[in-house]
Amino acid sequence: MDPRIATLAGVLVLAAPALAGDERAIREVFTSVERAVRDRDKVTLIDSATENHLMISKNGETVVGKAALAAYLDKMIGYAPSIKSLQSTVEMSPDIRYYGEIAVTHGHSQDHYAFADGLELELTTFWTATVARDTERWRIAAVHYSFNLFDNGMLDTARRGM
């Protein structure tokens, strides 16, 4: 056997368990975030982010860094929140793309919002996330949320109001 092929095969065999462990760890980040959203656990949400975290939120705000994330969470789910409750079921794609200590994944969530003003919405949210492994574990470095402009709960509510 060609020694280069044998070396490549050996590297692939050794890398497979590491990737499987990384996939489990990355999926756990999103499971933890899903629980934290449901429980309004700002500490876990902030801890799941890298120091220079970047988020394009569902309301279009750009949030950069943990301090800005904490302020955003206070506004949305903290004292006198805009959102009374949020139930979110996250579905992460099996497609995780690894780039060394960085990985990119995507998915969607089924979200039920109850706002402080009494409005309730059902939305399917689509997202892309970049996660980075630091010395402790995988954390979310960037996330961008989106939804279908032509088929969503906000549009349904607007149509009923017309």
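Structure's up top.
As the structure is a computational prediction, the values presented were derived from the model and not from experiment.

1. Topic: the layout of surface pockets
- Estimates place the volume of the largest pocket at around 740 Å³.
- Surrounding the largest pocket, 32 residues form its lining, Lys 58, Tyr 72, Leu 86, Tyr 113 and Tyr 145 being those nearest its centre.
- Secondary structure elements with two or more residues in the lining of the largest pocket: α1 (3-39), β1 (49-56), α3 (66-77), β3 (83-92), β5 (102-115), β6 (120-133) and β7 (138-147).
- Tallying contributions element by element places α3 first for the lining of the largest pocket, with 5 residues.
- Considering only residue class, the lining of the largest pocket consists of 24 nonpolar, 6 polar and 2 charged.

2. Details of the nonpolar core
- Ile 26, Phe 30, Val 131 and Ile 140 are the most contacted members of the largest nonpolar core, which has 28 residues in total.
- Ignoring any residue separated from it by four or fewer positions in sequence, one finds Phe 30 in contact with Met 92, Thr 105, Trp 127, Ala 129, Val 131 and Ile 140.

3. Some words on the side chain of Thr 50
- Residue placement: Thr 50 occurs in strand β1.
- In this structure Thr 50 comes out as buried when scored by relative accessible area, which is 16%.
- If sequence neighbours within four positions are ignored, Thr 50 has contacts with Lys 66, Ala 132, Arg 139, Ile 140 and Ala 141.

4. Comments concerning the pairing of β7
- Taken together, the 4 bridges between β1 and β7 define a ladder with parallel strand orientation. The residue bridging Leu 54 from the neighbouring strand is Ala 142, located in β7.
- The pairing of β6 with β7 spans 9 bridges and is classified as antiparallel. Paired with Val 131 across the strands is Ile 140, a residue of β7.
- Turn length for the β6-β7 hairpin, with the two strands adjacent in sequence and antiparallel, is 4 residues.

5. Thoughts on the pattern of salt bridges
- Evaluation of the coordinates by the stated rule reveals 13 salt bridges.
- Here Asp 47 and Arg 139 are joined by a salt bridge, their closest N and O atoms 3.1 Å apart. Of the two residues, Asp 47 is situated in helix α2 (residues 42-47) and Arg 139 in strand β7; the sequence distance between them amounts to 92 residues.
- On the basis of relative accessibility, which here comes to 32%, the residue Asp 47 falls in the partly exposed class.
- Given the relative accessible area of 6%, Arg 139 is considered buried.
- Here Glu 101 ties to Arg 133 by a salt bridge, and the two come within 2.7 Å at their closest N and O atoms. Of this pair, Glu 101 sits in the loop between β4 (97-99) and β5 while Arg 133 sits in strand β6, placing them 32 residues apart in sequence.
- Taking the relative accessible area as the measure of exposure, Glu 101 reaches 44% and is therefore partly exposed.
- Taken together, the shared-partner salt bridges connect Asp 47, Asp 134, Glu 136, Arg 137 and Arg 139 into one network.

The rules we used
- Residues numbered from 1 in each chain as written.
- Predicted model: local features only at pLDDT ≥ 70, side-chain atom pairs only at ≥ 80, totals over all residues.
- Heavy atoms only, no water.
- 1 Å grid on protein atoms, 1.4 Å probe; cavity = no way out; pocket = protein on both sides within 12 Å on 5 of 7 lines; lining within 4 Å.
- Points joined across faces, edges and corners; volume = space filled by probe spheres on them.
- Helix = DSSP H or I, 4+ residues; strand = E, 2+ residues; numbered from the N terminus.
- Nonpolar A, V, L, I, M, F, W, Y, C, P; charged D, E, K, R; others polar.
- Core = buried A, V, L, I, M, F, W, Y, C linked by side-chain atoms within 4.5 Å.
- Buried < 20%, exposed > 50% of the residue type's maximum accessible area, 1.4 Å probe, protein only.
- Contact = heavy atoms within 4.5 Å.
- Pairing = 2+ DSSP bridges.
- Salt bridge = Lys/Arg side-chain N within 4 Å of Asp/Glu carboxyl O.

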